[in-house]
Structures are given as C-alpha cells and as structure tokens.
Amino acid sequence: MSDGRVSFTLNGEPVEIEAPEAEPLLWTLRNRLGLTGARFGCGEGSCGACAVLVDGQIETSCSLKLWAVEGRRVETVEGLGDHPLIAAFAAERAGQCGYCLSGLVMRAKGLLDNTPDPDRAEIIAALDEGLCRCGAHPRILRAVARAAEDLRG
Amino acid sequence: MTGMKLSKSLENYPLISDWLKFPEPGRVSVRSGRVEIGQGISLALRRIVAGALNLPMAQIDLVAGDTRSGPDENYTAGSMSVELSGLALRAAGQAARAVAGQGDFWAIAASGGFDVPIRDNLPDTPQAEPDLLLDLSVAASESIRDRILGGGYIHDLRLPDIVHARVLTQPHPQARLLDLPLAEIEAMPGVLAVHRDGSFAAILAASEAEVMSAVARADSLADWDQPDGGVQTADDLLAGTAQTEVMTDTGVDAVTGNRRITGEFARPFLTHASIGTCCAIAQWHDDRLNVWSHAQGPFQLKAGLAHALKLAQDQIDVIHMPGAGCYGHNGADDVAFEAALLARARPGAPIRLAWRRADELTRGPLAPAMRSRATITLGDDGGIAAFDLDIVSAPHQRRPGPGKPNFAAGPLLDKPVLPAPASEPPPANGGGSDRNGVPMYRSGALRVARRVAYDIPLRTSAMRALGAYANVAAIELAMDAAAEETRQDPVSFRQAALDDPRARDVIRRVVDLSGFATETDGDSAMGLGFARYKNKAGYCAVVLEVMAGESLSVPRLWAVADVGEAIDPDGVVAQIEGGAIQALSWSLKEEVPIIGGAPAVSDWESYPILRFSEIPEIKVALIGDPASPPLGAGEIAQGPVAAALATAVRRLFGLSSISVPLTPDALARQII
Ligand code: FES
Ligand code: FES
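Residues numbered from 1 in each chain as written. Chains lettered and ligands numbered in written order. Predicted model: local features only at pLDDT ≥ 70, side-chain atom pairs only at ≥ 80, totals over all residues. Heavy atoms only, no water.

**Let's talk about the domain arrangement of chain A**
Residue and element names in this part refer to chain A.
Thinking step 1. Its domain assignment divides chain A into domain 1 (3–76) and domain 2 (81–152).
Thinking step 2. On a C-alpha basis, the centroid separation for the pair domain 1 and domain 2 is 21 Å.
Thinking step 3. Domain 1 puts 15 residues into the contact, and the matching count from domain 2 is eleven residues.
Thinking step 4. Run the count over domain 1 and domain 2 and you get one salt bridge.
Thinking step 5. Of the charged contacts, one joins E75 and K109 as a salt bridge, the two residues approaching to 2.7 Å between their closest N and O atoms.
Thinking step 6. At the boundary of domain 1 and domain 2, one finds seven residue pairs in polar contact (both at pLDDT 80 or more).
Thinking step 7. Elements with a minimum of two residues in the side of domain 1 that touches domain 2: β3 (51–54) and β4 (57–60).
Thinking step 8. Looking at the side of domain 1 that touches domain 2, the element that brings in the most residues is β3, giving three residues. (Domains from an automatic or database assignment. Contact = heavy atoms within 4.5 Å. Salt bridge = Lys/Arg side-chain N within 4 Å of Asp/Glu carboxyl O. Polar contact = N/O pair within 3.5 Å; in protein donor to acceptor, adjacent residues only side chain to side chain. Helix = DSSP H or I, 4+ residues; strand = E, 2+ residues; numbered from the N terminus.)

**Observations regarding empty space enclosed by the protein**
Residues and elements named next belong to chain B.
Thinking step 1. Taken as a whole, this structure holds ten cavities of 30 Å³ or more when the rule is applied.
Thinking step 2. For the second largest cavity, the calculated volume is near 80 Å³.
Thinking step 3. For the second largest cavity, the full set of lining residues is N436, V438, P439, M440, Y441, V472, I475, E476, F530, A531, R532 and N535.
Thinking step 4. Within the residue set of the lining of the second largest cavity, elements represented by two or more residues are α13 (468–485) and β19 (524–532).
Thinking step 5. When its residues are assigned to classes, the lining of the second largest cavity shows eight nonpolar, two polar and two charged. (1 Å grid on protein atoms, 1.4 Å probe; cavity = no way out; pocket = protein on both sides within 12 Å on 5 of 7 lines; lining within 4 Å. Points joined across faces, edges and corners; volume = space filled by probe spheres on them. Nonpolar A, V, L, I, M, F, W, Y, C, P; charged D, E, K, R; others polar.)

**Some points on the packing of helix α2 (residues 84–91) of chain A against helix α3 (residues 101–114) of chain A**
All names here are of chain A.
Thinking step 1. For the pair α2 and α3, the least separation of the axes is 10 Å and the interaxial angle reads 130°. Comparing their axes, α3 and α2 come out oblique. When the axes of α2 and α3 are compared, the crossing they make is right-handed. Contacts between α2 and α3 involve L85, I86 and F89 from the first element and L101, V105, A108, K109 and L112 from the second. (Axes fitted to C-alpha atoms, helices over the stretch in contact; angles between N-to-C directions. Parallel < 35°, antiparallel > 145°, perpendicular 65-115°, else oblique. Left-handed = near helix turned anticlockwise from the far one by under 90°.)

**A closer look at the domain arrangement of chain B**
All names here are of chain B.
Thinking step 1. Entries for chain B in the domain assignment read domain 1 (8–152), domain 2 (156–226 + 273–362) and domain 3 (370–396 + 431–671).
Thinking step 2. Between the C-alpha centres of domain 2 and domain 3 there is a distance of 37 Å.
Thinking step 3. Counting residues at the interface gives 15 residues for domain 2, matched by 17 residues for domain 3.
Thinking step 4. The junction of domain 2 with domain 3 conceals about 1,300 Å² of combined surface from both sides, 60% of it contributed by carbon and sulfur atoms.
Thinking step 5. There are one salt bridge connecting domain 2 and domain 3.
Thinking step 6. Considering each element in turn, the side of domain 2 that touches domain 3 owes the most residues, four residues, to helix α12 (residues 357–362). (Buried area = accessible area lost by both parts, 1.4 Å probe.)

**Quick look at the environment of I123 of chain A**
Residues and elements named next belong to chain A.
Thinking step 1. Examined against the element boundaries, I123 turns out to sit in helix α4 (residues 120–127).
Thinking step 2. The buried category is assigned to I123, whose relative accessible area is 3%.
Thinking step 3. For the pair formed by I123 and R107, sequence separation is 16 residues and the distance between their alpha carbons is 9.3 Å.
Thinking step 4. Those residues in contact with I123 that lie beyond four places of it in its chain are L111, P118, L141, V144 and A145. (Buried < 20%, exposed > 50% of the residue type's maximum accessible area, 1.4 Å probe, protein only.)

**Side note on the environment of I671 of chain B**
Thinking step 1. As for its position among the elements, I671 of chain B is in helix α18 (residues 664–671).
Thinking step 2. The spatial distance from the C-alpha of I671 of chain B to the C-alpha of R509 of chain B is 32 Å, given a sequence separation of 162 residues.

**A short note on the sheet that holds strand β4 (residues 163–167) of chain B**
All names here are of chain B.
Thinking step 1. Across the sheet, seven strands lie side by side as β6-β7-β4-β15-β12-β13-β14; this open sheet has mixed pairing. On the outer flanks of this sheet lie β6 (191–197) and β14 (316–320), each paired with one strand and no other. The average undirected angle you get between the axes of adjacent strands in this sheet is 20°.
Thinking step 2. In the sheet, β6 pairs with strand β7 (residues 200–205) via six bridges, with the strands oriented antiparallel. In the sheet register, R196 faces β7, and the bridge partner there is A201.
Thinking step 3. Where helix α8 (residues 208–221) meets the sheet, its contacts fall on β4, β6, β7 and β15 (351–354), and the angle it forms with β4 comes to roughly 25°.
Thinking step 4. This element, helix α10 (residues 298–309), spans β13 (288–293) and β14 of the sheet and lies at about 145° to β14. (Pairing = 2+ DSSP bridges.)

**Remarks on the packing of aromatic side chains**
Thinking step 1. Taken as a whole, this structure holds twelve aromatic pairs over all chains when the rule is applied.
Thinking step 2. Here the aromatic rings of W27 of chain A and F40 of chain A are separated by 5.7 Å at their centres, their planes lie at 25°, and the arrangement is stacked. Residue W27 of chain A is found in helix α1 (residues 25–32), and its partner F40 of chain A is found in the loop between α1 and β3; the two are separated by 13 residues along the sequence.
Thinking step 3. Each ring, one from F265 of chain B and one from Y469 of chain B, has its centre 5.4 Å from the other, and the planes form 80°; the classification is edge-to-face. Here the residue F265 of chain B occupies a position in strand β11 (residues 259–267), and Y469 of chain B occupies one in helix α13, the gap between them amounting to 204 residues. This pair shows no difference in class: F265 of chain B is buried, exactly as Y469 of chain B is.
Thinking step 4. R39 of chain A extends its terminal NZ or CZ atom over the ring of Y99 of chain A, reaching a point 5.9 Å from the ring centre. (Phe/Tyr/Trp six-rings, centres within 6.5 Å; stacked < 30°, edge-to-face > 60°. Lys NZ or Arg CZ within 6 Å of the ring centre and 35° of its normal.)

**A few points about the sheet that holds strand β22 (residues 594–595) of chain B**
Residue and element names in this part refer to chain B.
Thinking step 1. In space, the three strands of this open sheet follow the order β9-β22-β23, with antiparallel pairing throughout. Looking at which strands have only one partner, the edges of the open sheet turn out to be β9 (231–232) and β23 (598–599).
Thinking step 2. Bridge analysis of β9 against β22 gives two bridges, and the strand direction is antiparallel. Considered in β22, the bridge of Q232 is made with I594.

**Here's the deal with helix α5 (residues 137–152) of chain A**
Thinking step 1. Between its first and last C-alpha atoms α5 of chain A spans 23 Å; for 16 residues at 1.5 Å apiece the expected length is 22 Å, and the two agree.
Thinking step 2. Residues of α5 of chain A that are buried sit in contact with α2, α3 and α4 of chain A together with α16 (569–589) and β24 (617–622) of chain B.
Thinking step 3. Downstream of α5 of chain A by one or two residues, G153 of chain A has phi in the positive range, about 85°. (Expected span 1.5 Å × (residues − 1).)

**Looking at the environment of D521 of chain B**
Residue and element names in this part refer to chain B.
Thinking step 1. By the element assignment, D521 lies in the loop between α15 (501–514) and β19.
Thinking step 2. Distance from D521 to L652, taken between C-alpha atoms, is 8.5 Å for residues 131 residues apart in sequence.
Thinking step 3. Among the polar contacts listed, one links the side chain of D521 to the backbone nitrogen of D523, at a separation of 2.8 Å.
Thinking step 4. A polar contact is formed between the side chain of D521 and the backbone nitrogen of S524, at a distance of 2.8 Å.

**Regarding the pairing of β13 of chain B**
Residue and element names in this part refer to chain B.
Thinking step 1. Counting buried positions over the six residues of β13 gives five, a clear majority of the element.
Thinking step 2. Of the pairings in the sheet, the one linking strand β12 (residues 279–285) to β13 comprises six bridges and is antiparallel in character. Among the inter-strand pairings, I281 is bridged to a residue of β13, identified as W292.
Thinking step 3. Linking two consecutive strands that pair antiparallel, namely β12 and β13, is a turn of two residues; a positive phi of about 45° is found at D286 within it.
Thinking step 4. Looking at chain direction, β13 and β14 are connected through five bridges and run parallel. Directly across from V291, in β14, lies its bridge partner V318.
Thinking step 5. For the crossover that starts at β13, traverses α10 and ends in the parallel β14, the hand is right-handed. (Right-handed = clockwise from strand over helix to strand, strands pointing away.)

Structure representation (structure tokens):
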C-alpha cells in the first residue's frame, strides 16, 4: 500500500490525511481519526455496521478504499449529535446492545435527506441491508418514522 | 430456590458496603458481579438501588464485572440477574436506608457505618419508594444515545502502543497446521510478528488495516492437514448417544386410555452471530496479566485462564467491557485466552485481538442441535393420562471456570490444554437440554428423559433459552394435536389442564389481544404457544400468524407476559420483542451445516438472519401484578414463539413433526 495524501470533507470539515491509499476507510476513521462510530462487523460489505454516507449515498466503509473518497463528502454518525434521528432512537429506546445502530442511523439519514415523508415500506427498504441481531427492529422502524415527523416539524 | 440463592449471595457478601459504595458526595457506586450484555440489566439494577435508597437514578453508577472489585456472582444469566442480583441489592439498599435514618449516606459511609451486616439491618416495615419510571426512561435514552455516538465497546478501547492481532482461520476444529511460511508473512508491511504455537497461529501488526491484509495472505499460504468427509446431519451426529438419563418420572400411568399423540420439534446447530465480532485486549507486564473482555463471567474467565496458563489467580485481572450483543456462551472467553497467549509471548504491549466474521461464526461454541418429542397419552375422559418427553441433544455446558480451561485454542497448542468434559447445567439452574421439559399441564404420569451426546466432536454450549426453545415447541405441538384428536378447542384444552391462574391468564389475554382463531384458509394460520420459563421465571404466551408463499412469513405476533413486578417494564417489552425476533430468525432461516465434522459457515451469505423486511409487527402486553416479586424475563419468549410457529405450521400443513429452519426447501421436504 503506497502512502498518499487524501483530502475529503468529514462531517462538514475539510480533512487531509496521509495514509496508505488502499486502506479501507473504516480503519482510517476508527484508528487514524479516532471516530469509532463506524464499526467492524464483517469487513465484507454485508452487515452495515460500518455504514457511512459518501456524497449522500450509503456506503460500507469496510469495503471502500481511502482513495475513493478523495474530494468527496463523508458523513459519519459523529456528525449527527444534534440530529433528530439520535433523539428519536433514544426516545424509542431503539436498540439493545447498540452495535448495529450507528450504521442504521446513517441509512436512515440517507433516506430522510431525500425522502422527508417515508412510509413504512420505504423505511424498511432503506434499512434492509443493515443487520441487527438483538431484534431491535420494531423500535428502530418506529424511531425513523418519529425522526421524519420531527424533521417535518 | 430464589430465597436460598439470595441467602448465599448475602452469606458470601454480608455487609452493606460489599454491595454499595459512596465514593464522593452525591454518587453511589453499586458493585455487582453481573455484567451488562445488552439486556438492560444495568438499568434495572440502578433502578432497584435508587428506589431502595430513595435517590434519583442519575446518582447511581454501576461498577460491574471487574475482578479487582465487586462480588463474584457467577454468570449473567438473562433469566436470573434481576431476580438474584436485584434482590441482594434491594436488601443492601433497604438496610443502608434503615441504618442512615435521617442521616447522610456519605457521612455514614465515610465513618465505616455501612460495614454492617445487611441481614441485621433490614427494616421491619417496607420503606416508601419514589416513582422512578421517568428516571428510567431518561436513563434508557441516554444509554442508547451514548451507544450510538460514543461507542464505549471493547472494540473502541485504545491503549498506548497497542498491537493489533488476528488469528489464522482454522479450516476445521481438528485441523493441524503443517506449514506456515513465516518469513514471507513477516516481510509484509506493518507485520511485527507471526506467532505460532502448534496449530494456533496469529499475526501481530502495528495497524488494523495491515494486520487484516497480512492475515488474509497468511490464510492463503497456510498448509493445513484436515480431516475430510461429507455432510453430516444433526441426527447422524446425535445418533451415537446410548445413555438415557431419566430426569423426571412421577405419577401413575393411566389405567384407561391408550390413544397416543405426539409432537416433535428438531433444530440444527446454530451460531450466536453477533453483529460485532469477539474481541479481547491482553497485556502482560511484571508477571501479571491484564485482560479486557466482554465475557459473561469475568471471575470464571479469570479462573479458567489461571488454570490454562498455569498462573496464580492473583496474577490475573479481568476487566469487563461491553461487546456486541451476547446471546449465551459465545467466543468471548476463547478470544480472551488467545489474546492472553499472544500477550505472554510479547510482554509489555497491549495486544488487541479481534476475530474476523468467519471466526465469529465458527470458532466460538455452537448452540446445540437437539430433537424433542412429546407424547401425550389420552385418557378415556379426554384428559391427559400421561406425558412423555424424549430429548436428544448435544451438550449445553462448556464454560471455562475453576479447573475448567475450556478454550477453543487450548487443544491446538504444542503443549495442549485440554478442556474439561462437556456437561449439562444442573436442574437447580433450570437444566440444559431438559429445560422446560416438564410441562405445566396436569397429567396422570410424567416422564422426561434425555440422551445427551457428551462426546460429540463439536464444541456446543448454552444459547438463549437452552432446551426450552425445542421442548416448549414439542409440548405445544402435542397439546394442539391432542386437542384436535379429542375435538376440543386448543385454548380450552390447555386451560383445563392448567392449575396456575397466572398461566391461564396470560393465555386468555393473548387470545383476546390477537383474536386467535383455529380456522385456516390454506394460506395462513395462527398458532399459540405458552410456557413459564424454567417453570419458575416469567410466564409468556404468544400467538402468531404464519403465511405460506414462496417462503413462510410471519406478518404478526402478539405476546402477553407476567413477570411479576417489572423493574424496567419497557426493558422487559424490548427483551420479549428481541427474543421473539431472534427465535423466529432461528426457526425460519438459521442453520450451521456440518461438513466433514466442521461447521461450514463463513459469512452472512451462508448464515442469513432475519432482516427488517422479514420481521412481524409485534404487540406485547405485560399483565403482572406489580406487588408480586420480580420474575426473570430475559429468555421467556423463545420457547412460546417456537411453539406458536410450530402449531401454526401444523395447522397449515398437517405436520406433527417439524424440523427447523423452515426454509422453502426444508419445508417442502417435510410436507411430502
Ligand atoms: S463491516 Fe462493513 S458491511 Fe460489515
Ligand atoms: S441492537 Fe444489538 S445488534 Fe442491533
């Protein structure tokens, strides 16, 4: 892996980082930038624990190389502290162990950015690639619907 | 039973100050051997202490699962934590309040005033407790928020100079590592060392990205000698078990009546499949070992490590940190031992070992395959003359502990560390494969027998609800079939055989809530399942609706539970929802195939679990009397859910013997 300088926007702030360009973004976020919201679950793009938004699209950061975000806009759960999604997940007590939540919150964010008034089927479709083993699904669905309502005011 | 165990907790840790500390003004720190494993225990325990001390929950901190302090309370078993730890803490809090009177807790603690026995200071009359439901929901919300934003998982712990480690994937539990080209792997970027001890091999590197690349390369270069062979069914693997253990044999055989009705339920091997993989950090310095672990039993892990590593117990500290969801005896202990091996070989640096997905699915213990057959002998009066349960199962108990160095990597080492023989949890703990083998329904004679494949060449151990999942399903299938045989309504047939009014109530309420009906239009049917977990914890009745189609689906599910006083009612509801979804996931989708003696799953494609698009709409109602003692609520839903599914499938397809998972192929094979 050759080192390179990669610049991108992270939660609204410009960052420039020197790191092996082929490093999966997940490790850059967690171990170089100290953002542990994106989590390792499979490293193969199939669980969604590591999901982030890149230019508004959901991506699994375990299978995205650092060079691929050059010049792009990356959003992680750390940027959502004041977003109604977090409050809604908290209010619905949506989660048990919580490990899956940051990835699912990012999926929901991607949905709500484009679809302010989603129906249940749209919420399910947006979350479906994300796995939860604790069975918190019903509460997570409720939380996303609640956040959508809060956002619409 | 509960009283006896409570006495034991208080006997070992008799003083108020063994349980409660008042470290700084305004803060109470609660010592508990129980650990948070994603089931909301810490909230319930904090609420109990806040109530007993008449303080807001926000002032109470829980210090759990640190072997450097706090009582050794054995495992966090979902069903027992609130009952036992909670009762002990409530007693400690009540005694503290009685001792303090109008005085200040912190001043009294500072002068050693709480170094007095709980037993001698319990109040004669109950103290009024504050209403803490609002506190509870605020605390629950905060913990979700923290989990989303802050993490705080063991995976997130960063210590200075941390070294990242990964183990090579062992293709088969008995595979021997013949050759590993060390020089080639050591030359890879970032690699600090390749550790090899017998057939246990791991890569250590400075960064996580580098260790992942290096271990993938090492996997492709490693030469293993592994047994081969074809597909083995669970029945094949359990077949060699000759010894029958009679667990219960009571009552008299009916003199009249000989109509026999059976219900049978079988499940394959399963895996825990947590979303986060097992992880541990170990550090060896000055002849001491520190281990950070998400194991369920920090004290047992410590004892097992001491035995396996030939260390004195006081050379080891285990510090609990949260992992991803824990659903029983998973690989947390195994990964901790592996990290300890690496730390011993490389003193000084903290070694962080995280398993990869394939390790998570196969390296930890599997959940036992089992088959349970319930036979009802009907009396001439249409009642139950005899109940027989025959269980065949892999073992449910392989945890490490004192004298039990039970770790996955032990047998692989040059100087092998062999595990203690597998066993079953004792009846006093609810049993293992025979858990809920005794039905609550009245019968003339009752016999429960099990054959456990203790020598099976696979590592199996406890997963949520243990044998209750299959036993309750088999019993309820037989009950449904017996009702049909005697032309009785399945609800009234059950009600007539139940002496416990609380059991009858949860069934009646779930029937009302769901509009349970026995008719089927051929495409959909409803099923009913009931059990009182371990016959002494919470009561739960479930109705669900099954739809046939390309694959079976469950669009709706209702559950009614009585757990007595619910310390954290919304937490109990969440446990029931989660338990129901996981049990449906097992039943509809999950199986670890065994090929050539090895668990053959490696990723989420080969081990799918239920997704958002597949979960039912769920309604849960709690009907317990808040004045009656709290009953364990953590694992009450799995058996009734399996039973409700099985009885609905029976109604739809006329099956009285059901093997899960009910994938389209498997269902088609069973219908023919
Ligand atoms: S860790 Fe990235 S999808 Fe699973
Ligand atoms: S809350 Fe544990 S995996 Fe979703």
